[in-house]
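Inside the fold
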Amino acid sequence: MVTAVHAVMEPLSPSSAAEKPTPRLAAAQPAAAAPAKPGAPAATHLIDIDNLDFFYGASQALHGINLKIEHQKVTAFIGPSGCGKSTLLRCFNRMNDLIEGTRVARGTIKIHGVDIYQPDVDVIELRKRVGMVFQKSNPFPKSIYENITYGLRLQGRNKKSELDEIVERSLRGAALWDEVKDRLDQSGLGLSGGQQQRLCIARAIAVEPEVILMDEPCSALDPVATAKVEELIQELRTRYSIVIVTHNMQQAARVSDRTAFFYLGKLIEYADTRDIFTNPANPQTEAYVSGRFG
Ligand SMILES: Nc1ncnc2c1ncn2[C@@H]1O[C@H](COP(=O)(O)OP(=O)(O)OP(=O)(O)O)[C@@H](O)[C@H]1O
Ligand SMILES: [Mg+2]
């Protein structure tokens, strides 16, 4: 049986999140058999990583990671180059599956209690729920309109009025509508770098994901475009759970609620962002956030 992740990960639609605050868990998963009681407080943990070891071939990139990512919060991953931030991010929507020789050797990642590495999980559905924005903006060589509707068309959604509405809503959601509304039929590649990155965010939110993973989304942007993307993250945080990798300490401090510091494939410290930057418990965290290494 294929476990359709959409059937087990609620709330799915940002618009329905307000009416359905309680994530329902998978009836198909023994560990998550009991649906939450109506009116019960929303579970705060969206992604639950337990004792995760991850390998590229014989090389271990992640060591015993234990981390609980909270629902509708912004979580920042920080740490020196090569410490495993992108690797862990790509585990959340199984993008690492596309790299030959990779494996989760031990541990689990659960989203709303569902182990996403079970063989019966529908990976396409998972990637729809857990969208991704990359370091280098990567619009398709298509019109702005087609960039947004691409994923929807793959789902068989072709009704023009519906697509028009989603295009406008997504571009507004990505704070790009006013800049592009008169040129939706022009190529997405004709936009500035900052606009392209917001187009990619619009494309990610068009399919109404629950989680948006952002891997250094501003590293190729100038300060003005960076500020726009950061503003956008502040707006999106009310509707989505966001995990952002950044090398910019000020950015992590500005945009995130929780921060995880990694070093050499291990999670060193995970706490409220304010504590990580003002009162870290671990001396390695302190050395890193104060710029003494990395
Ligand atoms: N496709 C791959 N094949 C083999 N090893 C890889 C691959 N991608 C990453 N690694 C290794 O896994 C480790 C973690 O890499 P990762 O890209 O997750 O680090 P990172 O924290 O995102 O670094 P950066 O800040 O430079 O982006 C590194 O030792 C890296 O060399
Ligand atoms: Mg990286």
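Not measured: the values here are computed from a predicted model.

1. A short note on the site of ligand 1
Every residue near ligand 1 is listed here: Tyr56, Ser59, Ala61, Gly79, Ser81, Gly82, Cys83, Gly84, Lys85, Ser86, Thr87 and Ile99. Those elements that place two or more of their residues in the shell around ligand 1 are strand 2 (59-70) and helix 2 (85-91). When residues in the shell around ligand 1 are grouped by element, the largest group, three residues, is from helix 2. Class assignment for the residues of the shell around ligand 1 results in four nonpolar, seven polar and one charged.

2. Examining the sheet that holds strand 10 (residues 266-272)
Strand order in the open sheet formed by six strands is 6-7-8-3-9-10, with mixed pairing between adjacent strands. With one partner strand each, in any of the chains shown, strand 6 (130-133) and strand 10 form the two edges of the open sheet. Going across the sheet, the axis of each strand differs from the next one's by a mean of 20°, ignoring polarity. Against the sheet, helix 7 (residues 193-206) touches strand 6 and strand 7 (211-215), its axis set at about 170° to strand 6.

3. Side note on the packing of helix 7 against helix 8 (residues 223-236)
Where helix 7 meets helix 8, the axes come as close as 9 Å, and the angle between the chain directions of the two elements is 20°. The angle between the axes of helix 7 and helix 8 places the two elements in the roughly parallel class. Considering how the two elements wind past one another, helix 7 and helix 8 form a crossing that is right-handed. Here helix 7 contributes Gly193, Gly194, Gln197, Arg198 and Ile201 to the contact with helix 8, which in turn contributes Ala225, Lys228, Val229 and Leu232. Per-class residue counts for the contact of helix 7 with helix 8 are four nonpolar, three polar and two charged.

4. Description of helix 8
Given a rise of 1.5 Å per residue, 14 residues ought to cover 20 Å, and the 20 Å separating the end C-alpha atoms of helix 8 matches this to within 8%. Within helix 8, the full set of buried residues consists of Lys228, Val229, Leu232, Ile233 and Leu236. One side of helix 8 holds all its buried residues, which, seen down the axis, span an arc of 145°. Those residues of helix 8 that are exposed and angled more than 90 degrees off the buried face are Pro223, Val224, Glu231 and Gln234. The inward-facing, buried residues of helix 8 abut strand 3 (74-78), helix 7, strand 7, strand 8 (241-245) and helix 9 (249-255).

5. Comments concerning unusual backbone geometry
In this structure, His112 is a non-glycine residue whose phi angle is positive, near 50°. Topologically, His112 is positioned in the loop between strand 4 (102-111) and strand 5 (114-115). When the 24 C-beta atoms within 10 Å are taken as the criterion, His112 is described as buried. Phi is positive for Glu208, close to 50°, though the residue is something other than glycine. A count of 20 C-beta atoms within 10 Å places Glu208 in the buried class.

6. Side note on the pairing of strand 8
Of all the five residues making up strand 8, five are buried; the element is thus mostly covered by neighbouring parts of the structure. The alternating pattern of strand 8 places Ser241, Val243 and Val245 and Ile242 and Ile244 on opposite faces, both of which are buried. As paired strands, strand 3 and strand 8 are joined by four bridges and run parallel to one another. Residue Val74 lies in a different strand from strand 8, and its bridge partner there is Ile242. Handedness of the strand 7-helix 8-strand 8 crossover: right-handed.

Rules used throughout
Each residue is numbered by its place in its chain's sequence as written, counting from 1. To label them, take the chains in the order written and letter them from A, then take the ligands in the order written and number them from 1. Per-residue local features are limited, in this predicted model, to residues with pLDDT of at least 70; the limit for side-chain atom pairs, both in listing and counting, is 80 or more; totals at the level of whole chains, interfaces and linings are taken over all residues. In this analysis a residue is considered near a molecule or strand if the C-beta atom, reconstructed from its backbone, is found within 6 Å of that molecule or strand. Numbering of helices and strands starts at the N terminus; helices are DSSP runs of H or I of at least 4 residues and strands are runs of E of at least 2. When residue character is reported, Ala, Val, Leu, Ile, Met, Phe, Trp, Tyr, Cys and Pro are called nonpolar, Asp, Glu, Lys and Arg charged, and the others, Gly included, polar. Strand pairing is defined by DSSP finding a minimum of two bridges between the two strands. Angles here are taken between N-to-C directions and fall from 0 to 180 degrees, while the axes themselves are lines fitted to C-alpha atoms, restricted in helices to the stretch in contact. What counts as a contact is two residues whose backbone-derived C-beta atoms lie within 7 Å of each other. Put simply, angles under 35 degrees are roughly parallel, angles over 145 are roughly antiparallel, angles from 65 to 115 are roughly perpendicular, and the rest are oblique. Each helix crossing is assigned a hand: it is left-handed if the near helix lies turned anticlockwise from the far helix by less than a right angle, otherwise right-handed if that turn is clockwise. A helix is expected to span 1.5 Å multiplied by its residue count minus one. Three classes are used. A residue is buried when 20 or more other C-beta atoms lie within 10 Å of its own, exposed when 12 or fewer do, and partly exposed in between, with C-beta atoms placed from the backbone. This arc corresponds to the set of directions leading from the helix axis out to the C-beta atoms. A crossover gets the label right-handed when its path from the first strand over the helix to the second runs clockwise, viewed with the strands pointing away from the viewer.

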